[in-house]
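Residues per chain are reported as follows:
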4 protein chains.
Amino acid sequence: MKDDNVEGRARVVNTPQLNAYYEQLAEYEAGALWTVANDIEPWEPKAHSVPMIWRYQQLRPLVLRSLELVRPQEAGRRVIMLVNPKRHDVSAAVGLLYTGLQVMNPGEAASAHRHMASALRFIIEGEGAYTIVEGERVSLNRNDFVITPNGTWHEHGNDTGSGPCIWQDGLDIPLINTLEANFYEVHPDLHQRVTRPLDASYNTYSHAGVRPLEPDWRKAYSPLLKYSWTHTYEALCQYAQASEGSPFDGVMLEYVNPLTGGPVMPTLGATMQMLRAGQATRAHRHTGNVIYHVAKGCGYSIINGQRFDWEEHDIFCVPSWAWHEHANLSPDDDACLFSFSDFPVMKALSIYREEAYALNGGHQLMTQGQEN
Amino acid sequence: MKDDNVEGRARVVNTPQLNAYYEQLAEYEAGALWTVANDIEPWEPKAHSVPMIWRYQQLRPLVLRSLELVRPQEAGRRVIMLVNPKRHDVSAAVGLLYTGLQVMNPGEAASAHRHMASALRFIIEGEGAYTIVEGERVSLNRNDFVITPNGTWHEHGNDTGSGPCIWQDGLDIPLINTLEANFYEVHPDLHQRVTRPLDASYNTYSHAGVRPLEPDWRKAYSPLLKYSWTHTYEALCQYAQASEGSPFDGVMLEYVNPLTGGPVMPTLGATMQMLRAGQATRAHRHTGNVIYHVAKGCGYSIINGQRFDWEEHDIFCVPSWAWHEHANLSPDDDACLFSFSDFPVMKALSIYREEAYALNGGHQLMTQGQEN
Amino acid sequence: MKDDNVEGRARVVNTPQLNAYYEQLAEYEAGALWTVANDIEPWEPKAHSVPMIWRYQQLRPLVLRSLELVRPQEAGRRVIMLVNPKRHDVSAAVGLLYTGLQVMNPGEAASAHRHMASALRFIIEGEGAYTIVEGERVSLNRNDFVITPNGTWHEHGNDTGSGPCIWQDGLDIPLINTLEANFYEVHPDLHQRVTRPLDASYNTYSHAGVRPLEPDWRKAYSPLLKYSWTHTYEALCQYAQASEGSPFDGVMLEYVNPLTGGPVMPTLGATMQMLRAGQATRAHRHTGNVIYHVAKGCGYSIINGQRFDWEEHDIFCVPSWAWHEHANLSPDDDACLFSFSDFPVMKALSIYREEAYALNGGHQLMTQGQEN
Amino acid sequence: MKDDNVEGRARVVNTPQLNAYYEQLAEYEAGALWTVANDIEPWEPKAHSVPMIWRYQQLRPLVLRSLELVRPQEAGRRVIMLVNPKRHDVSAAVGLLYTGLQVMNPGEAASAHRHMASALRFIIEGEGAYTIVEGERVSLNRNDFVITPNGTWHEHGNDTGSGPCIWQDGLDIPLINTLEANFYEVHPDLHQRVTRPLDASYNTYSHAGVRPLEPDWRKAYSPLLKYSWTHTYEALCQYAQASEGSPFDGVMLEYVNPLTGGPVMPTLGATMQMLRAGQATRAHRHTGNVIYHVAKGCGYSIINGQRFDWEEHDIFCVPSWAWHEHANLSPDDDACLFSFSDFPVMKALSIYREEAYALNGGHQLMTQGQEN
């Protein structure tokens, strides 16, 4: 960290006279900038969160336990949220991102609502899960990714007779609260009417490079609601034939609005990346916070010098401006990481920056023991 | 057609005095607007072209004949162009659009060139066809659609040992000449080096809703070069489950730039439309010229009251502002029409207009006998 | 001009066999591309027009003469159009641009109409001229520039008691006819009702860098209708303090839509350029056709090696891809050229190109005598 | 405020069993969403700040006092910041916006720096103030508004011999810190070299509707750095002739990027509004926080039922979703309010909402006594 004792930084030495002055300022709800300047104008970003991993095998029994403990009618939604030790004040997993694991019994259906926060779901277990968004029912399977954009009526259910469904929710609730713009409404009829064919948007935008001629879409989010794992994995495999991929992220695709190539929602971006068998990427860092979900395989990530081993359905996070690199521990199969982030916010506000790790062949020196 | 004998139109009666005045004006390369005003400011668009159909079974032998008559080295390309009877002056099939049928023997490869005109190919016969665009080799099969945008080095070849390849070329040559902006260059080495993996762009943009994070694409055309028939037909079938489609065009998808949702090239748009078994669409008209290629099935189109029956690989055209409607004659199979047009020009210049046929349940009265 | 006798160009030698083949093709409205390929795919743009100048002192008496010869009720508008000797077929002054000089007696008012063509006016003489566009009356003075975009109801009049008004009209009529998209309507009441305050758009967008928060403007043209000479000249003088300007065009500003920075209309662009006292610019050429109006001063332009001397209100044109350079003959006053062009078309369709004249210090060798 | 005891909200009653469960969850850095759901998903936005006014006549002596107490070399900048009583944790005046009053003696010049935060200045007193941004020196006068966008090198100074300059700084420091994206750099030479003519951008974009043809500007902020009071006030007066203005804000203009019509910077917007003599606007509320500076006149604003009287150079704030309305107390002169806000953030992230006050003719009932 750079030194503050240089010209251009605040270096005022306190005196009794100044203290008296500060008290006078305080009477008028004012203060002297130089008393806080170095703190509020840091040399580089200060993340409020710490790197974390949440292991699915530890959390799964607790998630299932909630089925016995609360009913959707009282709980609203039966969700175990993952909370960063440093972000209890805003219920965030990292930065201003919220995430949780939601579970639903066969035959259950939560009531419809809408809010200014944007949401996404990543399906973990169970076959009968569905989401209804603005009158369109979306069928869901393992590793499918679905969006419920801000302002849209949405509700979730589980139709199957065979067992509970579990999925990961991701939202920007802490961001929208921080920006003092959150709204919440319960649907007046508690449930929407389904007005479009099943999976209509998925069938409308099923293949790359073709689109209907229908009236212009002026909304800020993608008209395509579901991104299936089957298609996404095929796309990764094909892209792996066309490109080396990124030195930092392997073979990586962003989920996008097929009409604009832009992010799926204005505040939340999502990607799926494939690490080839045995691949260990180089480290970099960037502004923006990221929550990862291990979609396939096992490996580890090194975040700010600390190693985190992961396997399927584990969830971990990388705080803003933290160095990070990923490795696939399988010698003969690929590993896939789903992730979502606030990159669209960083980019919309022109505050996205990134930096490659220059030393040691791009690999961090371990500064802490392995996280077990 | 509306009457010109109304206030607001030119109705000046010639006199000897005026004629003398016109001669004086002509000396200074000037003229009186009112002598031509009604003609150059018509009540509605006047198309220069007539509706036409070119039957593949008639043209195919003539196309193959050219294999014996000329060599690529002398002909540049072995192309039979389709010329509207009213557009010989600009070598257009309709409006300012050029089209032709190109043929290549096994083992042949045309030299590389680039031009300000934009081009597309729609594959009709043969298995070994390929195009190389800016260092990327693109493999092609029946009913595949490939673009060679303006300013890109491109060349075509046929690798197969089994027989000639035939495809349809579509270009905006008449438009670019009319706009006095055409350039042409032969590649200094006659052939490009292949610098990217086979079908790299196709594998990069293989699935809807996912894209690489690579550097911004600022070019005016699609980074995806090939749109395969297999994917396009699947997409039509899926879209048919999600939408009734258009009353005028059935189930129709536009080929687009996957990064923008916009047209594949700035001057040429392309679509594929499916007419369900037995479907007969309603008539409409619009500014913009269209060339159709029958990709699948048989049926007929009525254009300005004249019926044109078509079958696979026939090519027909609809001039600007001509009424048109389409019918699939099969009671149990769908029919598919590929088409390309100057709609992107109409839209970029804000001169696109359309109108539904209001009478007779949306179906034209036949004004002429059937075209045989 | 480059040689066509090279590989990659059409070099087929005619034979009786080929001639028979061509006749066969013609029966099916087809032809052999190689018979026209070199012609329709030229090495570089072929302009249809020749450089021209129309001298105001010669034309003015003829323009005024029309006041006696025709009435607006019969003529529609009393306009002397300027026609390129090579473009009589499309009534163009250069390329696909139309221009003319319109005159109106005090107290006259032409009827309202709208059309798909876009129009602009540049005021030459008279004080009481006005235009009404979509219910807004716009007052006009010498060298003011006003737009009447495509699809807008508009009408012109002259309120003054002191004498006739003369202005230059510029339109894209030949372009819109060539694109087969022209429409024309006479206002059902012959005149519009004025529904907005006088000069409302001019007063709304009066200063740079500030705009109302009103609902989004989604139209393709500028909401600002009038660009006054007073402001434009001040802007040139200020810009001349901030920038050297262009080596080819001097101190040049484009008239733009204040909400987008884009061209005033989708098919027509306009600029005003200032040549400093004694300045002689270097030559360049570009795709796109330009019509100039001398707003202030005197000087000359060299176009494809031919010198054209000009003075106030003269009109001259530069065809596509013609070399051109400008000189101000005054040793102590600036000269200003207004111009309009089809550059927005060139740019929207990605076919704009330009090239600097590399030889002789950037100045053309004279290939023809001076035009007198 | 709506009731939480309804279906669709969390209504789980605590039990010993649940408490035990919550402890178990906490061991894995997890929690039950329903324990915080109603809090983090409020029915409508909860602002962290309270409405405030800072009176210039009270603060001015304290600001001037700092001239004696600290030197720029130690203080970095001599700024009295205005801090909302509820936002001491982030040094914000309201929401995530920072503001302060900066003072500089004649002959002083602060060192150059750049940061990820975006900044603006509004000049209050003194004639010799200047800012240098990216090599361009900008001269400043009373009520001028100038931007120093994120990532640009900038520095301030006071050249005059006549007395201190005072201006208001506005920044998004709390926002950028909250988003964990702040960076800060001191210029390696402590001062920039001036490389452009004085006020170059102001002279380049001096008049509405004209712009240079120079290379595309791809930056996220306005190329125009200074918006002069003289021009802004003239623009308001002209706009007042063309429009009634807004019922909530009077005659209001937004400061914009002249090349896009968009906000001056991606995170900070700014406006100037004129209240006509005697005008009292109707109340509304919106997401987004606003800081006002009284540029001219005197009047009052009612914010969430509390009246705040203001006069020239007073600064007050309206928190997100607070009702507010403004009144000009002068019967014969207009009053002008400068303001800056985070509206561009709200709009970029699609979370801007507004609502008109429906009752009592649009005027709030007073819920608190007048603020003195």
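Quick caveat: nothing in here was measured; it's all calculated off a predicted structure.

*Asks:* Now, about unusual backbone geometry: what can you tell me, with residues and values included?
*Replies:* Residues other than glycine predominantly adopt negative phi, and peptide bonds predominantly adopt the trans conformation. In the Ramachandran plot, Asn 360 of chain A falls in the positive-phi region, its phi being about 50° despite a non-glycine side chain. Relative to the assigned elements, Asn 360 of chain A resides in the segment after strand E24 (354-356).

*Asks:* Lay out the UniProt feature "domain: Cupin type-2" (unreviewed entry) in chain A in plain terms, naming residues and giving numbers.
*Replies:* Mapped onto the present numbering, the UniProt feature "domain: Cupin type-2" (unreviewed entry) falls on residues 101-167 and 273-335 of chain A. In the segment residues 273-335 of chain A, helix accounts for 0% and strand for 52%; the C-alpha atoms at its two ends are 8 Å apart.

*Asks:* I'd love a proper account of the interface of chain B and chain C, names of residues and values included.
*Replies:* If you look at the interface, chain B gives 91 residues, while chain C gives 92 residues. Counting the surface lost from both chain B and chain C, the interface buries some 8,100 Å², and carbon and sulfur atoms represent 64% of this. At the surface where chain B touches chain C, the tally comes to two salt bridges. In this structure, the salt-bridge partner of Arg 77 of chain B is Glu 41 of chain C, at a minimum N-O distance of 2.5 Å.

*Asks:* Residue-level account of the environment of Trp 34 of chain A, with values.
*Replies:* Looking at where Trp 34 of chain A falls in the secondary structure, it is placed in the loop between strand E1 (30-32) and helix H2 (37-40). Along the backbone, Trp 34 of chain A and Ala 10 of chain A are 24 residues apart, and their C-alpha atoms lie at a distance of 5.4 Å. Residues within four places of Trp 34 of chain A in sequence aside, it is in contact with Ala 10, Val 12, Leu 18, Tyr 21 and Tyr 22 of chain A together with Ser 66, Val 70, Ala 75, Arg 77, Arg 78, Val 79 and Ile 80 of chain D. Engagement of the side chain of Trp 34 of chain A in a polar contact is seen with the side chain of Tyr 22 of chain A, the distance being 2.7 Å.

*Asks:* Any chance you could break down empty space enclosed by the protein for me, citing the residues and the numbers?
*Replies:* Scanning all chains against the criterion turns up 19 cavities of 30 Å³ or more. Space inside the largest cavity adds up to approximately 150 Å³. What lines the largest cavity is a set of 18 residues, and nearest its centre among them are Ala 208, Gly 209 and Pro 258 of chain C together with Gly 209 and Pro 258 of chain D.

*Asks:* Go over the interface of chain B and chain A with me, naming the residues and quoting the values.
*Replies:* Taken together, the contact pairs 34 residues of chain B with 34 residues of chain A. With both chains or domains summed, chain B and chain A bury close to 3,200 Å², and 58% of this area falls on carbon and sulfur atoms. The interface formed by chain B and chain A holds zero salt bridges in total. Seen at the junction of chain B and chain A, the total is 14 residue pairs in polar contact (both at pLDDT 80 or more). At the level of elements, helix H6 (200-204), strand E13 (210-212), helix H7 (229-242) and strand E15 (251-255) of chain B are the ones that each hand at least two residues to the side of chain B that touches chain A.

*Asks:* Talk me through the pattern of salt bridges; I want residue IDs and the actual numbers.
*Replies:* Using the criterion set out here, one finds 72 salt bridges over all chains in the structure. One salt bridge in this structure joins Asp 314 of chain B and Arg 55 of chain B, with 3.8 Å as the shortest N-O distance. Remark: Arg 55 of chain B occurs in the loop between strand E2 (52-54) and helix H3 (56-69) and Asp 314 of chain B occurs in the loop between strand E20 (306-310) and strand E21 (315-318); sequence separation between them is 259 residues. What makes Asp 314 of chain B buried here is its relative accessible area of 2%. On the basis of relative accessible area, Arg 55 of chain B is assigned to the buried category, the value being 16%. Each of the salt bridges in this network shares a partner with another, and the network as a whole consists of Glu 44, Arg 285 and Glu 355 of chain A.

The rules behind the values
Residues numbered from 1 in each chain as written. Chains lettered and ligands numbered in written order. Predicted model: local features only at pLDDT ≥ 70, side-chain atom pairs only at ≥ 80, totals over all residues. Heavy atoms only, no water. Helix = DSSP H or I, 4+ residues; strand = E, 2+ residues; numbered from the N terminus. UniProt positions renumbered as here; feature names shortened; annotations may be inferred. Contact = heavy atoms within 4.5 Å. Buried area = accessible area lost by both parts, 1.4 Å probe. Salt bridge = Lys/Arg side-chain N within 4 Å of Asp/Glu carboxyl O. Polar contact = N/O pair within 3.5 Å; in protein donor to acceptor, adjacent residues only side chain to side chain. 1 Å grid on protein atoms, 1.4 Å probe; cavity = no way out; pocket = protein on both sides within 12 Å on 5 of 7 lines; lining within 4 Å. Points joined across faces, edges and corners; volume = space filled by probe spheres on them. Buried < 20%, exposed > 50% of the residue type's maximum accessible area, 1.4 Å probe, protein only.

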